[in-house]
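# Geometric and topological summary
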Amino acid sequence: MANQLPKTMQAMVMHRAGEPLRLEELPMPSPGPGQLLIKVAACGVCRTDLHIIDGELTRPKLPLVLGHEIVGHVAGIGEGVAGFKEGDRVGVPWLGHTDGTCPYCLMGRENLCDNPGFTGYDINGGYAEFTVADHEYCFHLPDGYSDAEAAPLLCAGLIGYRTLKLAGEFPKRLGIYGFGAAAHIIAQVAVGQGAEVYALTRPGDGAAQDFARRLGAVWAGGSDEAPSEPLDAALIFAPVGGLIPVALKAVRKGGTVVSGGIHMSEIPAFSYDLLWEERVLKSVANLTRADAEEFLALAPTIPVRTSVEPMPLAEANDALQRLRDGKLEGAAVLIP
Ligand SMILES: [Zn+2]
Ligand SMILES: [Zn+2]
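Right, let's walk through the structure included here. These figures come from a predicted structure and were not determined experimentally.

Conventions adopted
- Residues numbered from 1 in each chain as written.
- Chains lettered and ligands numbered in written order.
- Predicted model: local features only at pLDDT ≥ 70, side-chain atom pairs only at ≥ 80, totals over all residues.
- Heavy atoms only, no water.
- Axes fitted to C-alpha atoms, helices over the stretch in contact; angles between N-to-C directions.
- Helix = DSSP H or I, 4+ residues; strand = E, 2+ residues; numbered from the N terminus.
- Parallel < 35°, antiparallel > 145°, perpendicular 65-115°, else oblique.
- Contact = heavy atoms within 4.5 Å.
- Nonpolar A, V, L, I, M, F, W, Y, C, P; charged D, E, K, R; others polar.
- Phe/Tyr/Trp six-rings, centres within 6.5 Å; stacked < 30°, edge-to-face > 60°.
- Buried < 20%, exposed > 50% of the residue type's maximum accessible area, 1.4 Å probe, protein only.
- Donors = N, O, S within 2.8 Å, 3.2 Å for Na, K, Ca; no water.
- 1 Å grid on protein atoms, 1.4 Å probe; cavity = no way out; pocket = protein on both sides within 12 Å on 5 of 7 lines; lining within 4 Å.
- Points joined across faces, edges and corners; volume = space filled by probe spheres on them.
- Pairing = 2+ DSSP bridges.

### Observations concerning the packing of helix H4 (residues 156-165) against helix H8 (residues 289-298)
Viewed as axis vectors pointing N to C, H4 and H8 meet at an angle of 100°, and their least axial separation amounts to 9 Å. The pairing of H4 with H8 is recorded here as roughly perpendicular in orientation. Taken together, the residues of H8 that come into contact with H4 (itself represented by Gly157, Leu158, Tyr161, Arg162 and Lys165) are Asp291, Ala292, Glu294, Phe295 and Leu298. Taken together, the residues of the contact of H4 with H8 sort by class into five nonpolar, one polar and four charged.

Quick look at the structure:
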């Protein structure tokens, strides 16, 4: 098998923040101990990729192959790999490595590891024809999803799911601010579990509001409007700091606001009244492998359907621009 592989592969490469990605021919990666060589079938485009390109996440390895919603097939196996064989379909998420020894790993919070490796940030990711990944951070994927449909499950789904979990005791009335890739997945999970979903989009974005209603939201409107009922919890997926006080105002006494993004614009000052009465504000960082196992088992039982727009790998810059402009319904997925 190995000698049938090409010697080079195409990838979209980031050299510097603020510059477009470049389509380049790179040497074929080879799997080290514990690693899988994966022939990429689809890779989702995530808002985090925009934060990396825009320099808002400041420590990417450079040059870098972005992409942490990777779906592919095992094309080679390093020494010491168990549980995977050539041809298996696998998914690779943002969490690509942890040290297993820091206080956070030892307390079961590996998402907060002191020495993490993130896919498409510290480790080359999936905007490429091939990639390598530590098999301990790769997952078998549920049947019933095409490669492109499975891609958004791996970050929008996983991080979205962790965001929902951190909203605490099951919220009956759940607000979701920012109705993109994560929201469209998590709205289905919440509706499937019996919640009433209130979708809050960019003001005037009727298309996103219609999309939310089609996915089962009982109410959809602009984030400048108050939802029709006080919320038990609110999830924020838009990278807009101004939504924090807006969401706190929308939740009832004791309600929870969870911010699911890795970066957000500055949060404006707000009155203590908005936090008073035991409202809770928290952020989500990364994911644990347990989150991945739970969510990938749960998604087909709802069943979560993903809305994707497949695009050729070479059009990654266009896909990113459309995400930036809010012109995607669901998620862009690059197909090498
Ligand atoms: Zn650790
Ligand atoms: Zn992501």
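Now that the structure has been shown, the text picks up again.
### As for the packing of aromatic side chains
The full count for this structure, using the stated rule, is five aromatic pairs. Each ring, one from Trp94 and one from Phe118, has its centre 4.7 Å from the other, and the planes form 5°; the classification is stacked. Of this pair, Trp94 sits in the loop between strand S6 (89-92) and strand S7 (95-97) while Phe118 sits in strand S8 (residues 117-118), placing them 24 residues apart in sequence. One exposure class covers both Trp94 and Phe118, and it is buried.

### Some thoughts on the coordination of the zinc ion (ligand 2)
Around the zinc ion (ligand 2), the protein contributes the donor atoms Cys46 (SG), His68 (NE2) and Cys155 (SG), which lie 2.0 to 2.2 Å from the metal centre. Within one chain, the residues donating to the zinc ion (ligand 2) are spaced in sequence as C-x21-H-x86-C. Of this pair, Cys46 sits in the loop between strand S3 (35-44) and helix H1 (47-53) while Cys155 is found in the loop between helix H3 (147-150) and H4, placing the two residues 109 residues apart along the sequence.

### A closer look at the layout of surface pockets
Of the volumes computed, that of the second largest pocket is approximately 210 Å³. In this structure, the second largest pocket is lined by Glu56, Leu57, Thr58, Arg59, Trp94, Pro116, Phe118, Tyr121, Asp122, Ile262 and Asn286. The residue makeup of the lining of the second largest pocket, split by class, is six nonpolar, two polar and three charged.

### Observations concerning unusual backbone geometry
Trans peptide bonds make up the majority, and among non-glycine residues the majority have a negative phi. Along the chain, Leu62 connects to Pro63 via a cis peptide bond; the corresponding omega equals -10°. Residue Pro303 follows Ile302 across a cis peptide bond; omega there is -10°. For Glu278, which is not a glycine, the phi torsion comes out positive at approximately 60°. Looking at the secondary structure, you find Glu278 in the loop between strand S15 (251-259) and strand S16 (280-283). Taking the relative accessible area as the measure of exposure, Glu278 reaches 71% and is therefore exposed.

### Considerations on the sheet that holds strand S11 (residues 173-177)
Strands sit in the order S13-S12-S11-S14-S15-S16 across an open sheet of six strands; the sheet is parallel. In this open sheet, the two edge strands, each paired with only one partner strand, are strand S13 (219-222) and S16. This sheet shows a mean twist of 15° between the axes of neighbouring strands, independent of strand direction. Bridge count between strand S12 (residues 196-201) and S13: four bridges; the pairing is parallel. Across the sheet, the residue bridging to Tyr198 is Trp219, located in S13. Against the sheet, helix H6 (residues 206-214) contacts S12 and S13, and its axis sits at roughly 165° relative to S13. Its contacts with the sheet put helix H7 (residues 243-250) on S11, strand S14 (231-236), S15 and S16, and the angle it makes with S15 is roughly 150°.

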